[in-house]
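Structural overview
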Amino acid sequence: MKVRKAVIPAAGLGTRFLPATKATAKEMLPIIDKPTIQYIVEEAIASGIEDILIVTGKGKRSIEDHFDTAPELEQNLLSKNKLEMLASVQESSNIKIHFIRQKQPLGLGDAILQAKAFVGNEPFVVLLGDDIVESEVPCVKQLINQYEHTQNSIIGVQTVPKEHTNRYGIINPQEEVTSHLFKVRGFVEKPKIEEAPSQLAILGRYLLTPAIFELLETQESGSGDEIQLTDAIDRLNKIEDVLAYDFAGKRYDVGDKFGFVDTTIRFALKHPEIKVQVQALINELAD
Ligand code: G1P
C-alpha cells in the first residue's frame with residue numbers, strides 16, 4: 001500500500017525555550033527565515049506525502065496561520081513588486097494540511113493517537129519537529145523505500161554519543177537483515193546511560209502500520225509520566241516485526257538551545273544572502 005499520509009505532532013509546550021515560547025509556538029521559531037515546522041513539512045512533501053495532519057495544542061494558532069493564505073500581506077508585496085518574497089509567502093499556503101488539537105499534554109503517544117481517524121487503515125509516517133534532516137534522499141523517503149520492500153513498520157535511527165542515550169528512544173538491535181536495516185529485540189524510551197542497549201537512537205522519523213493505534217489506546221504512562229510512542233512501538237514489535245533503519249543524512253537537533261544555535265550557524269553559512277557576512281563575522285570573533 002502506498003504511503004500517502006504524514007502526522008506531525010506540534011503540541012509540545014516548548015519549555016526548553018521559555019520565555020520565547022510563552023506566547024509563540026516553538027515550531028514557529030525560525031532557522032534564519034523559515035519556521036522549523038516548514039522544514040519538516042517540506043521533507044514530507046519531497047518524500048511524496050500527499051496529506052499532512054499537524055497535531056496542535058493550546059497557543060499554536062500561528063502554525064495554522066502560517067500555512068494559510070495571507071491576503072493583506074500578499075497584496076502589499078504584490079503592490080511593491082516584491083515578487084520573490086510573495087512567492088515565498090504563498091509557497092507555505094499551497095500545501096494540503098489538516099489540523100487537530102490534542103486536548104491535554106499527555107505525551108507523544110497520545111498526540112499520535114489523535115491522528116487515528118485521519119490515518120484510517122493505511123501505513124503512515126510521523127515526523128517530529130525537533131529534528132531537521134538534510135540528506136540527498138529525504139529521510140522519510142528512505143523509510144518509505146525500505147517499507148516498499150518489507151511492508152513492516154520502520155523506525156529511523158542513527159548513532160548518538162553514549163552520554164546522550166538517556167535523551168532518546170534507544171533500540172536493542174538483534175541483527176542487520178540488509179544494509180543499515182535491523183531487526184530489533186526491543187525499544188526503550190530514555191534509558192539510563194548505563195542501561196542503554198545500544199547507541200542507536202530514534203531520531204524523529206517513523207513509518208508505522210495502523211496497528212499502532214490499538215496499542216496507543218491502551219498504552220500506560222512511561223518515562224516522564226507520559227504516554228510514550230516508543231513503548232507502544234515496543235509492544236507492536238511483539239505482534240509484527242518493527243524494523244529500524246540507520247538512515248543517511250545529517251540530522252540537526254533544533255529541540256534545545258545549543259542545538260538551535262548550532263543549526264542556525266550552519267544554515268547561515270549556507271544561506272546565499274548572508275553566508276559571506278556570517279563567515280566574516282565568525283573569522284572576526286575567532287581572532
Ligand atoms: C521524542 C521521542 C524519543 C525520540 C526523540 C527524538 O522525545 O519520545 O523516543 O528519540 O523524540 O528527538 P522528546 O525529545 O520529545 O523528549
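Figured I'd write up the structure that's included with this text. Only a predicted model underlies this, so the values are computations on that prediction, with no experimental measurement involved. (Residues numbered from 1 in each chain as written. Predicted model: local features only at pLDDT ≥ 70, side-chain atom pairs only at ≥ 80, totals over all residues. Heavy atoms only, no water.)

1. Comments concerning the packing of helix H3 (residues 71–79) against helix H4 (residues 83–91)
It is at 8 Å that the axes of H3 and H4 come closest, and there the two elements cross at 160°. The orientation of H3 relative to H4 falls into the category roughly antiparallel. Between H3 and H4 lies a crossing of left-handed hand. Touching Leu73, Glu74, Leu77 and Leu78 of H3 are Leu83, Met85, Leu86, Val89 and Gln90, all from H4. Partitioning the contact of H3 with H4 into residue classes produces seven nonpolar, one polar and one charged. (Axes fitted to C-alpha atoms, helices over the stretch in contact; angles between N-to-C directions. Helix = DSSP H or I, 4+ residues; strand = E, 2+ residues; numbered from the N terminus. Parallel < 35°, antiparallel > 145°, perpendicular 65-115°, else oblique. Left-handed = near helix turned anticlockwise from the far one by under 90°. Contact = heavy atoms within 4.5 Å. Nonpolar A, V, L, I, M, F, W, Y, C, P; charged D, E, K, R; others polar.)

2. Examining the packing of aromatic side chains
The description of an aromatic ring pair uses the distance of the two centres, along with the angle that the planes make with each other. With the rule as written, the count across this model stands at four aromatic pairs. Where Phe17 meets Phe260, the ring centres are 5.5 Å apart and the plane angle is 65°; that geometry is what we call edge-to-face. Highlighted residues: Phe17 in the loop between strand E1 (5–9) and strand E2 (30–31) and Phe260 in helix H10 (residues 257–268), separated in sequence by 243 residues. Taken as a pair, Phe17 and Phe260 share a single burial class, namely buried. Measuring from ring centre to ring centre gives 5.2 Å for Phe124 and Phe213, while their planes differ by 15°; the resulting arrangement is stacked. In this pair, Phe124 is assigned in strand E6 (residues 124–127) and Phe213 in helix H8 (residues 212–217), connecting sequence segments 89 residues apart. We note that Phe124, like Phe213, is buried. Each member of the aromatic cluster is reached from another via a ring pair, and the members are Tyr39, Tyr252 and Phe267. (Phe/Tyr/Trp six-rings, centres within 6.5 Å; stacked < 30°, edge-to-face > 60°. Buried < 20%, exposed > 50% of the residue type's maximum accessible area, 1.4 Å probe, protein only.)

3. Some points on the pairing of strand E4 (residues 51–56)
The side chains of a regular strand alternate, residue by residue, between the two faces of the sheet. Counting buried residues in E4 gives six out of six residues, a clear majority hidden from the surface. Side chains Asp51, Leu53 and Val55 of E4 all project onto a buried face; the interleaved residues Ile52, Ile54 and Thr56 project onto the opposite face, where all are buried too. Bridging between E1 and E4 involves five bridges; their strand directions are parallel. Note on E4: the bridge partner recorded for Ile8 is Ile54. With five bridges joining them, E4 and strand E5 (residues 97–101) adopt parallel strand pairing. Looking at E5, one finds that Thr56 is bridged to Arg101. (Pairing = 2+ DSSP bridges.)

4. A short note on unusual backbone geometry
In this chain, Leu18 is followed by Pro19 through a cis amide linkage whose omega measures 5°. Position of Pro19 among the secondary structure elements: in the loop between E1 and E2. Despite not being glycine, Ile32 shows a phi value in the positive range, around 60°. In this fold, Ile32 is placed in the loop between E2 and strand E3 (34–35). Exposure remark for Ile32: the relative accessible area of 28% places this residue in the partly exposed category.

5. Topic: the site of the ligand
The local shell around the ligand holds 13 residues, among which Asp131, Gly169, Glu189, Lys190 and Ile202 are the closest. One nitrogen or oxygen atom from the side chain of Asp131 is found 2.9 Å from an oxygen atom belonging to the ligand. The separation between an oxygen atom of the ligand and a polar main-chain atom of Ile202 is 2.6 Å. For the ligand, the accessible surface in isolation is 380 Å², of which the surrounding protein chains cover 82%. A total of three residues in the shell around the ligand trace back to one element, the largest contributor, which is strand E11 (residues 200–208). (Near = heavy atom within 4 Å. Polar contact = N/O pair within 3.5 Å; in protein donor to acceptor, adjacent residues only side chain to side chain. Areas by Shrake-Rupley, 256 points an atom, 1.4 Å probe, with all protein chains shown as cover.)

6. Points about a nonpolar patch on the surface
There is a patch of nonpolar side chains on the surface, built from Val261, Ile265 and Ile282 and spanning about 210 Å² of accessible area. By secondary structure assignment, the location of Ile265 is in helix H10. (Patch = residues over 30% accessible without salt bridge, like charges linked within 9 Å, V, L, I, M, F, W, Y side chains within 5 Å. Salt bridge = Lys/Arg side-chain N within 4 Å of Asp/Glu carboxyl O.)

7. Quick word on the pattern of salt bridges
All chains considered together, the criterion is met by 17 salt bridges. The salt bridge involving Lys60 is made with Glu27; its shortest N-O contact spans 2.8 Å. In this pair, Lys60 is assigned in the loop between E4 and helix H2 (61–66) and Glu27 in the loop between E1 and E2, connecting sequence segments 33 residues apart. In this pair, the class of Lys60 matches that of Glu27, namely buried. Between Arg266 and Asp262 there is a salt bridge, and its shortest N-O distance comes to 2.6 Å. Residue Arg266 and its partner Asp262 are both found in helix H10; the two are separated by four residues, about one turn of the helix.

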